[in-house]
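Fold and contact review
Residue-level listing of the chains:
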Amino acid sequence: MRHDWTREEIMEIYNTPLMELLYRAATVHREHHDPNTVQVSTLLSIKTGGCPEDCGYCPQAARYHTDIEGNDLMTVQHVKAQALRAKASGSSRVCMGAAWRNVKDGPEFDQVLEMVRTINKLDMEVCCTLGMVTENQAKRLAEAGLYAYNHNLDTSEDYYKDVISTRAYQDRLDTISNVRKTNVTVCSGGIIGMGENLDDRAGMLVALATLDPQPESVPINALVAVEGTPMEDIEPISIWEMIRMVATTRIVMPKTQVRLSAGRTEMSREGQAMCFFAGANSIFAGDKLLTTPNPDVNEDMDMFKLLGLTPQKAFVKKAQPETVEAEDSAYQDMGEKPKWTRPGHTIERNQLAKMKSKE
């Protein structure tokens with residue numbers, strides 16, 4: 001395992017002739033994973049819309065005029081019902097997302113902790129993406145039985161300032177560091193097709209691959225341009241760019257689960273098959289990824305059958321965590337009010353989207 005990758009090395013890999021790149025990535029993939037097994041995860045938006053951030057790609061930002069229908073935090077019973085449905089359809093992991101800037105101690109976080117306990121007791125892997133977390137909050141999640149925490153870097157540090165102005169890149173790295181102080185695995189990746197150049201894609205992979213340990217899971221998303229967001233007019237990337245990104249990720253992070261994430265509705269089965277060949281071994285199932293479209297789970301199961309793929313069982317990569325009940329927890333609500341960064345610069349296209357009247 002290498003943790004000293006450079007942009008130049010990664011760019012060289014990315015630009016390798018495609019057939020050679022695919023062969024190399026597939027070879028690495030087979031050294032560390034079963035090539036015929038793909039993890040199926042279900043992404044559940046437990047609290048939708050109203051986010052105070054200004055991420056240029058996100059329809060859940062309160063400042064943009066999108067047609068996203070917001071909802072308050074789901075009940076534990078509703079989440080359990082959704083998890084059971086996901087398990088019945090072949091998912092081994094439930095990923096819960098809340099449109100928060102950061103976790104805040106209090107009743108809502110306590111409710112999320114109970115969701116984690118509930119799903120872990122269903123013998124499913126539990127992942128959360130809740131924004132930035134402190135060390136104590138990460139430890140409380142771990143105690144509840146959290147398997148993974150997702151916090152994407154999104155892009156390179158250089159291009160990040162053209163996408164988001166309401167939090168700093170270092171805040172994301174600090175959140176990952178806080179999660180690493182527990183037994184919870186890290187899920188962190190990014191989005192391609194936001195107007196970045198190839199050097200930025202390499203920069204994102206450098207940031208991820210030089211972490212020690214590397215993330216256990218790396219989602220590779222293609223931008224889904226949503227009307228009303230600052231990136232609504234960006235043209236979709238080609239499938240070849242996605243294949244190259246997956247293959248490069250596989251080579252520089254051999255043991256990581258590479259997640260073929262947002263944008264699959266625009267990909268043919270042939271394109272997805274090439275991504276699996278290149279090293280992708282995880283997908284999100286269900287008709288939505290938080291708020292954006294996703295292939296129907298039955299379509300995915302038909303594709304799996306066609307390609308001879310088998311859904312990965314839960315806890316193959318790491319043992320199931322134990323659940324500590326709330327009354328037995330060693331970590332309590334500290335009422336923390338951390339000073340997460342607000343860089344303060346402005347992004348012109350984000351400002352224009354904010355001022356645009358909803359038609």
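That block above? That's the structure.
Residues numbered from 1 in each chain as written. Predicted model: local features only at pLDDT ≥ 70, side-chain atom pairs only at ≥ 80, totals over all residues. Heavy atoms only, no water.

**With respect to the overall build of the protein**
- Each helix and strand in the protein was counted, giving 12 helices and 12 strands.
- A globule of 359 residues ought to have a C-alpha radius of gyration of about 21 Å, and the protein, at 19 Å, matches this closely.
- Along the first, second and third principal axes, the C-alpha set of the protein runs to 55 × 45 × 40 Å.
- When burial is assessed residue by residue, the protein has 57% of its 359 residues classed as buried. (Helix = DSSP H or I, 4+ residues; strand = E, 2+ residues; numbered from the N terminus. Rg over C-alpha atoms; globule rule 2.2 N^0.38 Å. Buried < 20%, exposed > 50% of the residue type's maximum accessible area, 1.4 Å probe, protein only.)

**Let's talk about the packing of aromatic side chains**
- Counted under the stated rule, the structure contains 3 aromatic pairs.
- Centre to centre, the rings of Tyr160 and Tyr169 are 5.1 Å apart; their planes meet at 75°, and the pair counts as edge-to-face.
- For Tyr160, a relative accessible area of 4% puts it in the buried group.
- With relative accessibility at 5%, the residue Tyr169 sits in the buried group. (Phe/Tyr/Trp six-rings, centres within 6.5 Å; stacked < 30°, edge-to-face > 60°.)

**Considering the pairing of strand β3 (residues 125–129)**
- Counting buried residues along β3, 5 of its 5 residues qualify, which places the element largely inside the surrounding structure.
- Every second residue of β3 is oriented toward a common face, with Glu125, Cys127 and Thr129 on one face and Val126 and Cys128 on the other, all of them buried.
- Of the pairings in the sheet, the one linking strand β2 (residues 93–98) to β3 comprises 5 bridges and is parallel in character. Looking at β3, one finds that Arg93 is bridged to Glu125.
- The parallel pair β2 and β3 is bridged by helix α4 (residues 107–120), and the resulting crossover is right-handed.
- Pairing between β3 and strand β4 (residues 148–150): 2 bridges, direction parallel. Within the sheet, the bridge partner assigned to Cys128 lies in β4 and is Tyr149. (Pairing = 2+ DSSP bridges. Right-handed = clockwise from strand over helix to strand, strands pointing away.)

**Concerning the pattern of salt bridges**
- What the rule picks out here adds up to 19 salt bridges.
- Close ionic contact of Glu135 with Lys139 constitutes a salt bridge, the shortest N to O distance being 2.8 Å. Of this pair, Glu135 and Lys139 are both found in helix α5 (residues 135–144), 4 residues apart, which corresponds to roughly one turn of the helix.
- Here Asp300 ties to Arg264 by a salt bridge, and the two come within 2.9 Å at their closest N and O atoms. (Salt bridge = Lys/Arg side-chain N within 4 Å of Asp/Glu carboxyl O.)

**With respect to the pairing of β2**
- Extensive coverage of β2 is indicated by the burial of 6 of its 6 residues.
- Alternating positions in β2 separate into two faces, Arg93, Cys95 and Gly97 on one and Val94, Met96 and Ala98 on the other, with burial throughout.
- As for the winding sense of the linkage, the β-α-β connection from strand β1 (residues 37–47) through helix α3 (residues 76–88) to β2 is right-handed.

**Considering the environment of Met124**
- For Met124, the location among the structural elements is in the loop between α4 and β3.
- Separated by 196 residues in sequence, Met124 and Gln320 have C-alpha atoms that sit 8.5 Å apart.
- With sequence-adjacent residues up to four places away left out, Met124 is seen in contact with Ala83, Ala86, Lys87, Ser91, Ser92, Arg93, Val94, Ile119 and Phe315. (Contact = heavy atoms within 4.5 Å.)

**Digging into the packing of helix α8 (residues 198–209) against helix α9 (residues 239–252)**
- Contact geometry for α8 and α9: axes closest at 11 Å, N-to-C directions at 25°. Taken together, α8 and α9 sit at an angle that is classed as roughly parallel. Considering only the axes of α8 and α9, their crossing is right-handed. When α8 is examined against α9, the residues Arg201, Met204, Leu205 and Ala209 are found in contact with a partner set consisting of Glu241, Met245, Thr248, Thr249 and Val252. (Axes fitted to C-alpha atoms, helices over the stretch in contact; angles between N-to-C directions. Parallel < 35°, antiparallel > 145°, perpendicular 65-115°, else oblique. Left-handed = near helix turned anticlockwise from the far one by under 90°.)

**Topic: the nonpolar core**
- One finds Ile46, Tyr57, Met96, Leu130, Tyr149 and Leu260 to be the most contacted residues of the largest nonpolar core, which totals 90 residues.
- Those residues in contact with Met96 that lie beyond four places of it in its chain are Leu44, Ile46, Val79, Met115, Val116, Ile119, Val126, Cys127, Cys128, Thr129 and Leu130.
- With 7 residues, the next largest nonpolar core counts Leu43, Cys95, Cys127 and Phe315 among its residues. (Core = buried A, V, L, I, M, F, W, Y, C linked by side-chain atoms within 4.5 Å.)

**Considering the layout of surface pockets**
- Computed from the structure, the second largest pocket encloses a volume of approximately 370 Å³.
- In terms of residue class, the lining of the second largest pocket is made up of 9 nonpolar, 4 polar and 7 charged. (1 Å grid on protein atoms, 1.4 Å probe; cavity = no way out; pocket = protein on both sides within 12 Å on 5 of 7 lines; lining within 4 Å. Points joined across faces, edges and corners; volume = space filled by probe spheres on them. Nonpolar A, V, L, I, M, F, W, Y, C, P; charged D, E, K, R; others polar.)

**Considering the packing of α3 against α4**
- Across the interface, α3 lies against α4 with an axial gap of 10 Å and an inter-helix angle of 30°. It follows that α3 is roughly parallel to α4 by the angle criterion. Handedness of the crossing formed by α3 with α4: right-handed. Across from Val76, Val79, Lys80 and Ala83 in α3, the residues of α4 making contact are Gln111, Glu114, Met115, Thr118 and Ile119.
- Partitioned by chemical class, the residues of the contact of α3 with α4 number 5 nonpolar, 2 polar and 2 charged.

**A closer look at the environment of Asn281**
- Within the element layout of this structure, Asn281 appears in strand β9 (residues 280–285).
- Judged by relative accessible area, which is 2%, Asn281 ranks as buried.
- Not counting the four nearest positions on each side in its chain, Asn281 is found in contact with His29, His33, Thr37, Val38, Gln39, Arg250, Thr256, Gln257 and Val258.

**Concerning the side chain of Asn136**
- The residue Asn136 is located in helix α5 in this model.
- We classify Asn136 as buried; its relative accessible area is 11%.
- Asn136 has contacts with Tyr331, Gln332, Met334 and Glu336, leaving out every residue within four places of it along the chain.

Coordinates in, geometry out; function isn't part of it.
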